[in-house]
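Structural features, examined
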Amino acid sequence: MCGIVGYIGHRDAFPIVIKGLERLEYRGYDSAGIALFDGNDISLSKTKGKVEDLRSKAKEISQAGSLGIGHTRWATHGVPNDVNSHPHYSNSGDLVIIHNGIIENYESIKQALKDRGYTFQSDTDTEVLVNLIEEVQKTEDVKLGKAVQIALNQVVGAYAIAVFDKKKPDEIVVAKLGSPLAIGVGENEFFIASDASPFIEFTNNAVYLEDEEMAIIRLGKEIKLRKIKNDAIAYPNILELQMNLEEIEKGGYDHFMLKEIYEQPRAIMDTYRGRLLADQGIIRMAGIDQNIEKFVNANRIIIVACGTSWHAGLVAEYIFEDLARIPVEVEYASEFRYRNPVITDKDVLIAISQSGETADTLAAIKLAKEKGAFVFGVCNVVGSSIARESDAGAYTHAGPEIGVASTKAFTTQITVLTLIALKLAKEKGEFSQSKFHEYLSELETIPAKVEKSLLSNDLVETVAEVYKDSTNCLYLGRGYNFPVALEGALKLKEISYIHAEGYPAAEMKHGPIALIDEQMPVFVIATKKGHYEKVVSNIQEIKSRKGKIIAIVTEGDEQVKELADHVIEIPETLESLTPLLTTIPLQLLSYHIAVMRNCNVDQPRNLAKSVTVE
Ligand code: F6R
C-alpha cells in the first residue's frame, strides 16, 4: 500500500519520478505527490487523485532538479485529500519525506511535538515522523542520517521512507521496516522505489533493504547501510535483476488484467519449466529436494495466505490430502497470527503470496518460525520479504502482476503447489511410477488447454452482456472447484462492485437457496470429473426455483446443456487440475462485466495490490 519513488543523480528527476509513480500506482491510487530539489529550492506538488492528476497539477511548479521523491497513496491516517498527500515538509521547510506504512504511536509523539511548539497541516502519521526527525536533528545536533536513526528507534510501526534535507543537496536517506524498499544503483545515480519497476530501464542492479536497515545514499559515494537498532554496519548485496520493460507494460491490451489473463499459458509453463521433467519421470525443486524429510515427516501442513492466494491454498488442501495424503489446514493469515495457534516443530507452514509483502502473511510466518515450524514460501515477487523470511521456497515465475485483481498469480500458485504435492505423493509411495507419469504428462498439457479455454472469450463476453446489471450473483462448485467458486465471486465483486458469493454447491440448501429467483444468476462449475452427478442435481434445484444458470462444463457435455441457460466449455483434464481451467472463463467474465460497467479494471476502488498494513 502506497508506492514510493526517488531519484538522485545527473538527470532531471521529474520524468523519472512521475513515470515511476505510474508504475507503482497499483500499490495505491487515492492521491499522489512529488517534491523536487534543484540544490537551492524545493518545489512540491500534491493532489487527491491519480498520478495523471498530479502530472497536470505539477505544471504549476518548477520541474527542475536532479533530486526528487514521489508518492502514490492508499490512505491509512487521514482521508485522501491534497493536504494529507505526501510528500510532507517538516516545520522548518528543510526536510521532506515520503512514507509507506503506519506509525502506530504517532498520537503520543505528535502531542509531545505540539508541546514543543510544532504545528501540523495534515492528519497523517508521516508529518509527525518528519517533524520528529527535525526535532532530533535540532536537539541532538546531528546530521540527517543519525537523526533518522534516532527518530526511528522511537517509533512503533511499519515504514519504508525516503527523506532529504535542503541543507544536504547530494543526499537522500532511506529506511525500511515491514514495507519494501529497493535501491537501483546506476552510474553515479541512484533510484529508490517500492519495487524495481520504476528504474528497470535505467539499471538492472538493485539493493533490497532488509527490515530495520537504513541507507545513506550520497552522490559520488557508495551506499552506506546501517542497522537502525544498533548502528551496526551492513553490507549492500547488489542483485542483478531479470525483469524487463516489456513485462511491465500493457503490450497492446486495453488493461493489465486482460494481458495477465492471456499470459497464463506462458506463466504456467514458466512455472513448471526446469522442474517438471515428464520424459525423465521426475520433478526437480531445490527447495523441496533439500527439505524433503521435513515435508514427508510433517504432522501436518498449515497453509497461510490472504485473498486469492488463500483460495489457491484451499485448492492445495484438496491436492495435498488427495494425492500426498498429508493433513492440511488452510488459514487466513490475519486470523492465524492472532489466535494463539498450536504450532510445533513437526509442522510445515506454507505461506502463499503473490507480492511477498502481505503484512498478515509475513506476521504469520514470523509466528510459525518462533514456534519452530519449518516455513516454505510460495511467492511471485523475487526477493520479496516473505521470500526472504522463509526457510525455503519456490517462486511462481508468473512475471510481474500489475492488475490489482490477481489472475496469473492464482494459476501459477496452483501449479507450484501441484508440483510439490505430486513430488511428495511419489516420495511417500502414494503414487506408482505410471500414475506419477500420467499426472506429469497431463500437467504439461495444461498451458495448451488454458489457451483453448481462452477461446471462450467471445462467448463469455456475450454472457457478460446479459448479466452485467445484476446486483447479486452466486458461484457454486464442489471439491476442487469449490475454491474456484470463491475465487470467481471475489474477482467479480472486487472489479465490478457486484455483490457475489461463492459456496460449495451442496451447501445451497442450507440457506443460500432462499436467494434464488428469476433475477439471480448462478455460475456453476460442473465438470465431468468431480462430483458431476451431484452438481447436476444442484443445478436441477436452482432450475426449479427459476434461477439463471451459467455452467462451466467439460467439452462435449450434453446433460447440463439441457438445463443451463448458458454453458461455457473447457477441455477435459484430471480432476485435480480442473481449477487451472475452470477459473479462466470466470476471470474473463469478471473482466468483461467490469469493462461494461465502466469500472476501473486495473485499479478498483479502495484496493491496493500489495497490502503492507494489517
Ligand atoms: C484479489 C487479490 C487479493 C490478494 C491478497 C493477497 O484479486 O489480489 O485478494 O490475493 O491481497 O495478496 P498476496 O498474494 O500478494 O499476498
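Everything numeric in this text was worked out from a predicted model, so none of it was measured. (Residues numbered from 1 in each chain as written. Predicted model: local features only at pLDDT ≥ 70, side-chain atom pairs only at ≥ 80, totals over all residues. Heavy atoms only, no water.)

1. Considerations on the domain arrangement of the protein chain
Applicable threshold: As used throughout, domain bounds are those supplied by an automatic or database domain assignment. Contacts are assigned to residue pairs with any non-hydrogen atoms lying within 4.5 Å of each other. In this description, buried area is defined as the sum, over both parts, of the accessible area (probe of 1.4 Å) that is lost when the two are combined.
The domain architecture assigned to the protein chain consists of domain 1 (3-247), domain 2 (255-453) and domain 3 (455-606). Taking the mean C-alpha position of each, domain 1 and domain 2 sit 34 Å from one another. Each partner contributes to the interface: domain 1 provides 11 residues, whereas domain 2 provides 11 residues. Note on domain 1 versus domain 2: buried area summed over both sides is about 900 Å², and carbon and sulfur give 48% of it.

2. Let's talk about the side chain of Lys491
Put simply, the rule is: The helix and strand labels rest on DSSP assignments: H or I over at least four residues marks a helix, E over at least two residues marks a strand, and numbering proceeds from the N terminus. For each residue, the accessible area found with a 1.4 Å probe, counting protein chains only, is set against the maximum for its type, and the residue is called buried under 20%, exposed over 50%, and partly exposed in between. We call two N or O atoms a polar contact when they sit within 3.5 Å, provided that within protein one can donate a hydrogen and the other can accept it, with sequence-adjacent residues counted only if both atoms are side-chain atoms.
The residue Lys491 is located in helix H17 (residues 482-496) in this model. According to the relative accessible area criterion, Lys491 is buried, its value standing at 1%. Within the structure, Lys491 has its side chain in polar contact with the backbone oxygen of Ser406 (distance 2.7 Å). Ignoring anything within four residues of it in the chain, the contact list for Lys491 reads Met257, Thr308, Ala405, Ser406, Thr407 and Ser590.

3. Let's talk about the site of the ligand
For clarity, the cut-off: For this purpose, a residue is taken to be near a molecule or strand whenever a single non-hydrogen atom of the residue falls within 4 Å of it.
With respect to spatial proximity, 15 residues lie near the ligand, and among them Ser309, Ser353, Ser355, Thr358 and Glu494 are the closest. Within the backbone of Thr308, one N or O atom sits 3.0 Å away from an oxygen atom of the ligand.

4. Overview of the side chain of Ser453
Counting through the fold element by element, Ser453 comes out in helix H15 (residues 433-454). Setting aside its immediate chain neighbours within four residues, Ser453 contacts Ile570, Pro571, Leu581 and Ile584.

5. Considering the sheet that holds strand S4 (residues 67-73)
Defined as follows: When DSSP locates at least two bridges between a pair of strands, those strands are taken to pair. An axis is simply a line fitted to the C-alpha atoms; with a helix, the fit covers only the stretch in contact. Between two such axes, the angle follows the N-to-C directions and lies from 0 to 180 degrees.
Pairing is antiparallel in the open sheet, where 8 strands are placed in the order S3-S2-S4-S1-S10-S9-S11-S15. At either margin of the open sheet sits one strand with a lone partner, and together these are strand S3 (42-48) and strand S15 (239-240). The pairing of strand S9 (residues 182-185) with strand S11 (residues 205-208) spans 3 bridges and is antiparallel. Its bridge partner lying in S11, Ala182 is registered against Tyr208. Against the sheet, helix H1 (residues 13-24) makes contact with strand S1 (3-8), strand S2 (31-37), S4 and strand S10 (190-193), and its axis sits at roughly 160° relative to S1, the strand it touches most.

6. As for the pattern of salt bridges
Note the threshold: The term salt bridge refers to a pairing of a side-chain nitrogen on Lys or Arg with a carboxyl oxygen on Asp or Glu at a separation within 4 Å.
In the structure shown here, the tally under the stated rule is 38 salt bridges. With a closest N to O distance of 3.3 Å, Lys167 and Asp94 form a salt bridge. With Lys167 in the loop between strand S7 (157-165) and strand S8 (171-177) and Asp94 in the loop between strand S5 (88-89) and strand S6 (95-103), the pair connects residues that are 73 residues apart, well separated along the chain. The partner of Asp270 in a salt bridge is Arg266, with the nearest N and O atoms 2.6 Å apart. With a gap of 4 residues between them, Asp270 and Arg266 both fall in helix H7 (residues 264-272), about one helical turn apart. One continuous salt-bridge network, built from bridges that share partners, spans Lys259, Glu263, Arg266, Asp270, Arg273 and Lys408.

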